[in-house]
Amino acid sequence: MSVTPQQLAERALAAAKADGTVVMVDESSTANLRWANNTLTTNGVAVNRRVTVVSTLKRGEGASAAAITKAGVTGDDIEDLVRESEAAARAASPAPDARPLLGPDDAAALQGVRWEEAAVGTDIEVFAGLAPALGESFEAARSAGQLLFGFAEHTAVTTYLATSTGLRLRHDQPTGKLELNAKTPDFVRSSWGGAQTRDFSDVDVVALAAGLGQRLDWQKRRIDLPAGRYETLLPPSAVADLMIYLYWTASARDAADGRTVFSAPGGSGGTKVGQRIGVPGLRLWSDPTAAGLEAAPFNAVKASSSQSSVFDNGLRLASTDWVRDGVLERLLTTRHSAAETGLPVTPPIDNLLLDAGGTASLETMTQSTADGLLLTCLWYIREVDPQTLLLTGLTRDGVYKVEGGEVVGVVNNFRFNESPVDMLSRIAEAGRTEITLPREWNDYFTRTAMPALRVADFNMSSVSKAS
Amino acid sequence: MPSLDPTFTALPLRELAEAALAKARELGVDHADLRSERIREQSVRLRDAELDGVNESVDSGLAVRVVHRGTWGFAAGTVQTPEAAVRLVEQAVRVAEVSAPVNTEPVVLAPEPSHGEREWVSAYEVDPFDVPDDEKIALLGGWSKRLLEHEAVAHVDAYVHAVKENKFYADTNGTVTTQQRVRVHAALEAVAIDEATGAFETMRTLAPPVGRGWEFLRGVGWDWEAELAALPGLLAEKLAAPSIEAGEYDLVVDPSNLWLTIHESIGHATELDRALGYEAAYAGTSFATLDKLDTLKYGSPVMHVTGDRTVEHGLSTVGFDDEGVQTQQWDLVAGGILTGYQLDRRIAQLKGLNGGRSNGCGFADSPGHAPIQRMANVSLQPAAEGPGTAELISRVKNGLYIQGDKSWSIDMQRYNFQFTGQRAYLIKDGRLAGQVKDFAYQATTTDFWGAMEAVGGPQTYVLGGAFNCGKGQPGQVAPVSHGCPSALFRGIRILNTVQEAGK
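Reading guide: rules and limits
- Residues numbered from 1 in each chain as written.
- Chains lettered and ligands numbered in written order.
- Predicted model: local features only at pLDDT ≥ 70, side-chain atom pairs only at ≥ 80, totals over all residues.
- Heavy atoms only, no water.
- Salt bridge = Lys/Arg side-chain N within 4 Å of Asp/Glu carboxyl O.
- Helix = DSSP H or I, 4+ residues; strand = E, 2+ residues; numbered from the N terminus.
- 1 Å grid on protein atoms, 1.4 Å probe; cavity = no way out; pocket = protein on both sides within 12 Å on 5 of 7 lines; lining within 4 Å.
- Points joined across faces, edges and corners; volume = space filled by probe spheres on them.
- Nonpolar A, V, L, I, M, F, W, Y, C, P; charged D, E, K, R; others polar.
- Pairing = 2+ DSSP bridges.
- Contact = heavy atoms within 4.5 Å.
- Axes fitted to C-alpha atoms, helices over the stretch in contact; angles between N-to-C directions.
- Buried < 20%, exposed > 50% of the residue type's maximum accessible area, 1.4 Å probe, protein only.
- Buried area = accessible area lost by both parts, 1.4 Å probe.
- Polar contact = N/O pair within 3.5 Å; in protein donor to acceptor, adjacent residues only side chain to side chain.
- Expected span 1.5 Å × (residues − 1).
- Arc of directions from axis to C-beta.
- Parallel < 35°, antiparallel > 145°, perpendicular 65-115°, else oblique.
- Left-handed = near helix turned anticlockwise from the far one by under 90°.
- Bend = angle between axes of the 7 residues up to and from the residue.

*Asks:* Sorry if this is basic, but what is going on with the pattern of salt bridges here?
*Replies:* Pairing is possible between side chains of opposite charge, provided their charged atoms come close. Residue and element names in this part refer to chain A. Per the counting criterion, the structure on display carries 71 salt bridges over all chains. A salt bridge links lysine 302 to aspartate 26, with the nearest nitrogen and oxygen atoms 2.9 Å apart. Of the two residues, lysine 302 sits in the loop between strand E9 (283–286) and strand E10 (320–324) while aspartate 26 sits in strand E1 (residues 20–36), which places them 276 residues apart along the sequence. Among the ionic contacts, a cluster of salt bridges with common partners joins Arg229, Glu418, Asp422, Arg426 and Asp457.

Here it is, written out as structure tokens:
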């Protein structure tokens, strides 16, 4: 492309006639491999450039806003995009979340922005090492009478954010993931492992496949169990999927409107901030600088919602404790909803960490289990009741019966009905926090670090015949 | 009759195709296709009658897919010039080369006649992108205010999502298609709060997403006035309703709820790529495996399910799929027996189903993604001369009548599912006896459809659906419709969701 993203952003701002303008240019590239039954199924590479123009117009005391995002903008058509955005802002009624756009002073503490640098990219060569290793794993699986399924994807996105108020911000976000699933040829026995990575240099697919093969051996003995409440060990991936849903539901505005699990009881219009919701010592937080989970240190919002505002673009993001020592500390706010609810300004951050003070590995926790279930991961998680944040979903790819500290066989899958919020106060033991790939939500959210959790009475509502 | 958008057909589509396909032939591919797509989307959202946001996006780009020495290669970009198209062909071939060491099963596509140059436009009257934004905001705002006037309604969310999709496709087989589809989805959800306890309930409109234009918002194909007039009273009744007693009930399920159960337990289960394991690590597999074709008892004898990509206003409906296959209609379940699958060209060839021809289910959700097998409109057929909903209800002594979809979840082999709904009425001795709340129904697919005693007549049939069916890695989102009549099920397990939460 002849026009650089920085030039595009400057041209858009030069053409803009609105009272305020935010331009975001996302330069992205991605490569993927997918396989099933020990062979490749699909693959691909793609590059994309998306330009978002947010226009704001003064309306009396407030302002209206509209955002348009367009792919394939070449440069000559950037002015058309600006005009479309401005026309949409004129048609829009005043936005309740209107606030002055942020300027350079508001983001002064941001380090290492390097606005002038080119975007980072990726291509199919990122798998030059993985592809032969996968081939080797397929061979090993074939000789062991097993099948491998899975997916590897690497994406690089560089976001340039410029405002008519003088902000110039840039963020590089590499995201890589590998999912591996081993099965017996009859599909009855199944195990899963995943990894998240920034560049695939730290992914050892051969070792991961070997571990899954061992789990298939654990599954030679099958034990049928009925529905019921069981002492259950949830591995970090399963905990991540439950906590991500909790995080997505943590809008301060929705809570203050009386319509979420975080609403204060009694219809008072308040929230549960300040109340104990988890066991002592429990911390749930996000931090753009978390090692290995680095995420954008500023707000880049392409569409307003109850927890994000296009007016807040460029806002600096800092480490935020959502739950500290078991007490709900913060909910997701915009500058507007923070003022409305009396809470601090704490926008969403693209990672999530949980620590409950544990140091044990999942293996150690299994060894100290007298009688319980060891899960692999959860699947098809959906909200059943927003009042309690009751979620339903399935266990998947290996539920193990543990007796006297040892895995004694594989159990049928279950449908669970559980609230992650309620669960926070019922944690019997937590393991050490480690970086993990959420199985269910990794299309949308990958950067998590979670401990394994022991819950004494996890609600397995019915038996699933699925394997 | 709407026609192809001239701003799309003004792109140098044929030049792109000629350059790309010539390069592909030169590089000795077995097959190559090129897609140029432009997908325009807009969402308008209001909260308590105030604008929450207007967002518009245009995704456009170019994709090349090749079969090179028996291995797939795919590359996509956003620059639409002949030079860029040629580069994509080179990249796609390179992707095939890097992938070759992990490919052990040569890709062969089912033959499809060349259809030559074809055009196709979906059935709609008013292009939603020709309607001024202020008119859209005013319409949703007016509707929201009307709901908020009711004392039971504390909050109202309103949104409309409109999509216009243009696709150009050309392949080495000589098929060249230019197509256009329009769809809209509008919904309003009201919230009621019990001020004394803080308990709350929600209720959403049942208007389905449709393959229509803005005329749908003006009353063509849906009675908005009647639905909005009834909604606050229904919500107030729900908030005050007794909590359901868990146990076994007979169910009369309304099409506004049943479409989603069909989607999850039949639609996905009859995708052959799932049955073959292509989705095993992600969306999952299927209990309805190929060895059970023509023998599996899927449900009761009154069960007749079709797949199609041809029904008017269907969300999956299109003239030609993303592999150049002309779309069709066929049986999936007849007389309660599994009789067919949804196919794309590779799996049709692999297993020789449908006479070795794809039934047109290849779909890519964007120019950046390769086509995979995606869902047709999978629909439960009504009984000719069949009963109305009231008559079905009259056959139930102790049961529930469920309307509107809400929560859904099903396992990775499509056995065990759990659904809730927007509202449910107790049925006592053949009559509705008021709403109950906190209900969910849980069953295993073949047990549930085996317990279907009767399907309603054509007068109860509604085409429901969704914009957001997810499948594949990288994740792809597809729109799909499901038509069905009301239907009567015997002896289904009903849970109380408050008890499930341990309260």
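*Asks:* For this particular structure, what's the right way to read the layout of surface pockets?
*Replies:* Take a probe with the size of a water molecule and roll it over the atoms, and the empty space left behind shows itself. Residue and element names in this part refer to chain A. Considering only enclosed or pocket space, the second largest pocket measures out at about 970 Å³ in volume. Along the walls of the second largest pocket sit 35 residues, with Trp192, Arg215, Pro235, Leu362 and Glu434 positioned nearest its centre. When residues of the lining of the second largest pocket are traced back to their parent elements, those giving at least two are strand E6 (190–197), helix H4 (205–218), helix H5 (236–248), helix H8 (362–367), strand E17 (406–411) and strand E20 (434–436). In terms of residue count, the dominant contributor to the lining of the second largest pocket is H4 (seven residues). Residues of the lining of the second largest pocket, tallied by class, amount to 15 nonpolar, 13 polar and seven charged.

*Asks:* What should I look at first to understand the sheet that holds strand E11 (residues 327–328) of chain A in this one?
*Replies:* Note: strands within a sheet are paired through backbone hydrogen bonds, in either parallel or antiparallel orientation. Residue and element names in this part refer to chain A. Spatially, E11-E10-E9-E12-E21-E20 is the arrangement adopted by the six strands of the open sheet, whose pairing is mixed. The strands lining the two open edges of the sheet, one partner per strand, are E11 and E20. Where E9 lies against strand E12 (residues 352–355), three bridges are found, and the strand directions are antiparallel. Looking at E12, one finds that leucine 284 is bridged to leucine 354. Here H5 sits on the sheet and contacts E9, E10, E12, E20 and strand E21 (448–450); the angle it forms with E21, its principal contact strand, is near 120 degrees.

*Asks:* Is there a simple way to think about unusual backbone geometry in this case?
*Replies:* Both trends apply: most residues other than glycine have a negative phi, and most peptide bonds are in trans. The omega torsion across glutamine 473 of chain B and proline 474 of chain B is 0 degrees, close enough to zero to call that bond cis. Among the secondary structure elements, proline 474 of chain B is positioned in the loop between strand E20 (462–471) and strand E21 (476–484). Despite not being glycine, asparagine 37 of chain A shows a phi value in the positive range, around 50 degrees. The exposure class of asparagine 37 of chain A is partly exposed, given its relative accessible area of 24%. Positive phi outside glycine occurs at asparagine 354 of chain B, with the angle close to 55 degrees.

*Asks:* Could you clarify how one ought to interpret the sheet that holds strand E14 (residues 377–380) of chain B in this entry?
*Replies:* All names here are of chain B. A sheet is described by the order of its strands in space; here four strands give the open sequence E11-E10-E9-E14, paired in antiparallel fashion. The open sheet is flanked by strand E11 (337–338) and E14, the only strands paired with a single partner. Where strand E9 (residues 305–308) meets E14, four bridges bridge the pair, whose relative direction is antiparallel. Along E14, the bridge assignment pairs threonine 306 with serine 379.

*Asks:* Sorry if this is basic, but what is going on with the interface of chain A and chain B here?
*Replies:* Buried accessible area, meaning the area lost when the parts come together, often serves as the stated size of an interface. The partner chain B presents 88 residues to the 90 residues of chain A that form the contact. Where chain A abuts chain B, roughly 7,300 Å² becomes buried across the two surfaces, and 50% of that area is made up of carbon and sulfur atoms. Remark: the boundary between chain A and chain B carries seven salt bridges. The residue aspartate 257 of chain A makes a salt bridge to arginine 47 of chain B at a minimum N-O spacing of 2.8 Å. At the boundary of chain A with chain B, the tally comes to 49 residue pairs in polar contact (both at pLDDT 80 or more). Sort the elements by how many residues they give to the side of chain A that touches chain B and strand E2 (residues 39–59) of chain A lands first, with 12 residues.

*Asks:* What exactly am I supposed to notice about the environment of glycine 399 of chain B here?
*Replies:* Mapped onto the fold, glycine 399 of chain B is located in strand E15 (residues 398–410). With sequence-adjacent residues up to four places away left out, glycine 399 of chain B is seen in contact with Tyr249, Asp250, Tyr425, Leu426 and Ile427 of chain B.

*Asks:* Teacher, can you tell me more about helix H4 (residues 133–148) of chain B here?
*Replies:* Each full turn of the α-helix corresponds to 3.6 residues, which orients residues three or four apart in the same direction. With 16 residues, H4 of chain B ought to run about 22 Å at 1.5 Å a step, and its terminal C-alpha atoms sit 22 Å apart, in line with that. All of the buried residues along H4 of chain B are Asp133, Lys136, Ile137, Leu140, Gly141, Trp143, Ser144 and Leu147 of chain B. Across the axial projection of H4 of chain B, the buried residues extend over an arc of 165 degrees, all falling on one side. Structurally, H4 of chain B contributes buried residues whose contacts are with helix H2 (78–91) of chain A together with strand E1 (31–47), strand E2 (50–68), strand E5 (155–171), strand E6 (176–193) and helix H5 (224–240) of chain B.

*Asks:* Teacher, can you tell me more about empty space enclosed by the protein here?
*Replies:* One pass over the structure, following the stated rule, counts seven cavities of 30 Å³ or more. Its volume calculated, the largest cavity comes out at about 220 Å³. Lining the largest cavity are 19 residues, and of these Thr41 and Thr42 of chain A together with Asp344, Pro371 and Ile372 of chain B sit closest to its centre. For the lining of the largest cavity, the elements supplying multiple residues, two or more each, are E2 of chain A together with strand E3 (71–77), helix H8 (345–351) and strand E13 (372–373) of chain B.

*Asks:* Explain the packing of helix H3 (residues 130–143) of chain A against H4 of chain A to me, please; I cannot follow it from the model alone.
*Replies:* Packed helices, taken two at a time, are described by the angle their axes make and the gap between the axes. Residue and element names in this part refer to chain A. In contact at an axis separation of 9 Å, H3 and H4 are set at 25 degrees when each is read in the N-to-C sense. In terms of their interaxial angle, H3 and H4 are classed as roughly parallel. Where H3 crosses over H4, the handedness of that crossing is right-handed. Residues Leu130, Ala133, Leu134, Glu136 and Ser137 of H3 form the contact with H4, whose own contacting residues are Val205, Val206 and Ala209. Among the residues making up the contact of H3 with H4, the classes are represented as six nonpolar, one polar and one charged.

*Asks:* What am I meant to see in H5 of chain B here?
*Replies:* Residues and elements named next belong to chain B. Between its terminal C-alpha atoms H5 stretches 25 Å, which fits the 24 Å expected from 17 residues at 1.5 Å a residue. The sharpest bend along H5 reaches about 35 degrees and sits at leucine 231, with the proline proline 232 one to four residues further on. Within H5, the full set of buried residues consists of Trp224, Glu227, Leu228, Leu231, Pro232, Leu234, Leu235, Lys238 and Leu239. On its buried face, H5 sits against H4, E6, strand E7 (200–204), strand E16 (416–428) and strand E17 (431–436). Sitting at the head of H5, aspartate 223 places a side-chain oxygen 3.4 Å from the backbone nitrogen of glutamate 225.

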